[in-house]
Amino acid sequence: MNTAKRTTLKRLAAICGMAACVSLQPLLASPVHASTSINFTLDWRFEGPSAPFLLALDKGYFAEEGLSVNIDSGNGSAGAVTRVATGAYDMGLADFNALVEHAAAHPDAGMQAVYMLYNTTPAAVFTLKDSGIDTPADLAGKTLATPVFDAGRKAWPAFASHNDLAVDSVTWQSVDPAIRETLLARRQVDGITGFYFTSLLNLEARGIAPEMITVMPYADFGVALYGNAIIASDKLLAENPEAVAGFVRAFNRALLETLEDPAAAVKHVKRRDALVDEALELRRLKLALDAQVVTDETLVEGLGAVTQARLEQSIAEAVSAFGLERTPEAARLFNAEFLPELSSRSVSR
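Figured I'd write up the structure that's included with this text. Just so it is clear, the model here is predicted, and its values are computed rather than measured.

1. Some points on the sheet that holds strand β9 (residues 213-217)
Working definition: the strands of a sheet are paired by backbone hydrogen bonds and lie parallel or antiparallel to each other.
Consideration 1: Pairing is mixed across the open sheet formed by 5 strands, whose spatial order is β7-β6-β8-β5-β9. Edge positions in the sheet fall to β7 (171-174) and β9, since each has one partner strand and no second. Mean inter-strand twist for the sheet, computed between neighbouring axes without regard to direction, equals 30 degrees.
Consideration 2: With 4 bridges joining them, strand β6 (residues 143-146) and β7 adopt parallel strand pairing. Bridging across to β7, T146 finds its partner in S174.

Structure representation (structure tokens):
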């Protein structure tokens, strides 16, 4: 081989070597990290209160924690608990009392609450001013309409106990959720039970002016029950606790942003479901934030937290109200170790 050919081959080898180095450098400098997939179920439809979850998803807060999150609507808290218990979903949002009920029947509940979103139960009794029913005592002998699975109906014994009413002092009419408020608006029943931020707006939508509505929130009448919480499966908690912590961090970040600007946050609900009434859902979101999220307790303990004494009282009230045969351990139902530090959960009015 002559000198010219040898020189050409060396140059080609050098070029190829440089090309190989260049092609490998990005892989070595920026290793690919596989994201953790989390299937998350809400307790209900995409409405105002689901805004912080959708905001965290749309703005990439979950992705920044290395999570690939899918969020689906739900059909009730009991359904959300079942979805997580069966492994169909990794995490979810559900009434904490539905978790208590599930754990009482299944000692190995298969999940824990890791973030208490609603510091108080949204359950409330609604009546109309012209009915003359203004206090719990006035409910004796009256008929209340609600679905059989309604949180207020199930927790009625706790409300009755705190307000010197016999548990059987009212008659229950079982109805579909879609007609509950309609029956009250037409004066076909004396009252209803429902979530504060749902039934109030539904009554207004049926032509009942706010000043004509009497609301008796369970939390204002002695009931210590907690409300909706983020729950995680035992499997995910055991196999990937970092993912649970990351989800909670991302959500907490989004919740703080939602509190700061609810109008901007609710646009993420509209983005998910173009048919929602944005103004209506903004009102629903604000009602939930003001009544259930920012409370006297969260002002001290921070968002997402519980107090041990009240947690135990809440569980005991649920057990008694639901007629459960066993009392689940508080430590088994709520796990506070995934909460971000207090400084990042602090709120003020």
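Picking up where we left off.
2. Details of the nonpolar core
Consideration 1: Counting 68 residues, the largest nonpolar core has F40, F53, I71, M91, I230 and F247 as its most contacted members.
Consideration 2: For this core, the leading source of residues is helix α11 (residues 241-260), giving 9 residues.
Consideration 3: Other than its neighbours up to four places away in sequence, F40 contacts F53, V69, N70, I71, D72, Y89, M91, G92, L93, I230 and F247.
Consideration 4: Judged by nonpolar contacts, the second largest core, of 45 residues, contains A80, V306, A318 and A330.

3. Brief notes about the side chain of T127
Consideration 1: Mapping T127 onto the fold places it in strand β5 (residues 123-128).
Consideration 2: Note on T127: relative accessible area 0%, which makes it buried.
Consideration 3: When near neighbours in sequence (up to four residues on either side) are disregarded, T127 contacts I133, L139, L184, D190, G191, M212, I213, T214 and M216.

4. Focus on α11
Consideration 1: Spanning 20 residues, α11 covers 29 Å between terminal C-alpha atoms, matching the ideal 28 Å at 1.5 Å per step.
Consideration 2: What α11 keeps buried is the set A243, V244, A245, G246, F247, V248, A250, F251, N252, A254, L255 and T258.

5. Considerations on the sheet that holds strand β3 (residues 91-95)
Consideration 1: Spatially, 5 strands are ordered β2-β1-β3-β10-β4 in an open sheet, and the strand pairing comes out mixed. Both outer strands of the open sheet, β2 (67-72) and β4 (111-116), are each paired with one neighbouring strand and no more. Averaged over all pairs of adjacent strands, the angle between their axes in this sheet comes to 30 degrees, without regard to strand direction.
Consideration 2: One ladder, built from 5 bridges, connects β3 with strand β10 (residues 228-233); its direction is antiparallel. Bridge pairing in β10 links L93 to I230.

6. Thoughts on unusual backbone geometry
Consideration 1: Its identity is not glycine, yet D164 carries a phi of approximately 55 degrees, on the positive side.
Consideration 2: By the secondary structure assignment, D164 is in the loop between α7 (156-162) and β7.
Consideration 3: A residue is classified by how much of its surface remains accessible, and D164, at 78% relative accessible area, is exposed.
Consideration 4: At R187, a position not held by glycine, the phi torsion is positive, near 60 degrees.
Consideration 5: Checked against the element boundaries, R187 lands in the loop between α8 (180-185) and β8 (191-195).
Consideration 6: According to the relative accessible area criterion, R187 is partly exposed, its value standing at 46%.

7. Here's the deal with the packing of aromatic side chains
The description of an aromatic ring pair rests on the distance of the ring centres and on the angle between the ring planes.
Consideration 1: Under the definition given, this model contains 11 aromatic pairs.
Consideration 2: Look at W156 and W172: their rings are 5.7 Å apart centre to centre, the planes differ by 80 degrees, and that puts the pair in the edge-to-face class. Here W156 is found in helix α7, whereas its partner W172 is found in strand β7, with 16 residues between them in sequence.
Consideration 3: You can call W156 buried: its relative accessible area is 1%.
Consideration 4: These aromatic residues form a ring-pair network of at least three members: F40, F53, F62, Y115, F247 and F251.
Consideration 5: The cationic tip of K154 hangs over the ring face of F322; the distance from NZ or CZ to the ring centre is 5.1 Å.

8. Observations concerning the packing of helix α2 (residues 51-58) against α11
Consideration 1: Interaxial distance between α2 and α11 falls to 8 Å at its minimum, and their mutual angle equals 110 degrees. One finds that α2 runs roughly perpendicular with respect to α11. Between α2 and α11 lies a crossing of right-handed hand. The residues of α11 that touch α2, namely those facing P52, F53, L55 and A56, are F247, A250, F251, A254, L255, E257 and T258.
Consideration 2: Class assignment for the residues of the contact of α2 with α11 results in 9 nonpolar, 1 polar and 1 charged.

Rules behind the numbers
Residues numbered from 1 in each chain as written. Predicted model: local features only at pLDDT ≥ 70, side-chain atom pairs only at ≥ 80, totals over all residues. Heavy atoms only, no water. Pairing = 2+ DSSP bridges. Helix = DSSP H or I, 4+ residues; strand = E, 2+ residues; numbered from the N terminus. Axes fitted to C-alpha atoms, helices over the stretch in contact; angles between N-to-C directions. Core = buried A, V, L, I, M, F, W, Y, C linked by side-chain atoms within 4.5 Å. Buried < 20%, exposed > 50% of the residue type's maximum accessible area, 1.4 Å probe, protein only. Contact = heavy atoms within 4.5 Å. Expected span 1.5 Å × (residues − 1). Phe/Tyr/Trp six-rings, centres within 6.5 Å; stacked < 30°, edge-to-face > 60°. Lys NZ or Arg CZ within 6 Å of the ring centre and 35° of its normal. Parallel < 35°, antiparallel > 145°, perpendicular 65-115°, else oblique. Left-handed = near helix turned anticlockwise from the far one by under 90°. Nonpolar A, V, L, I, M, F, W, Y, C, P; charged D, E, K, R; others polar.

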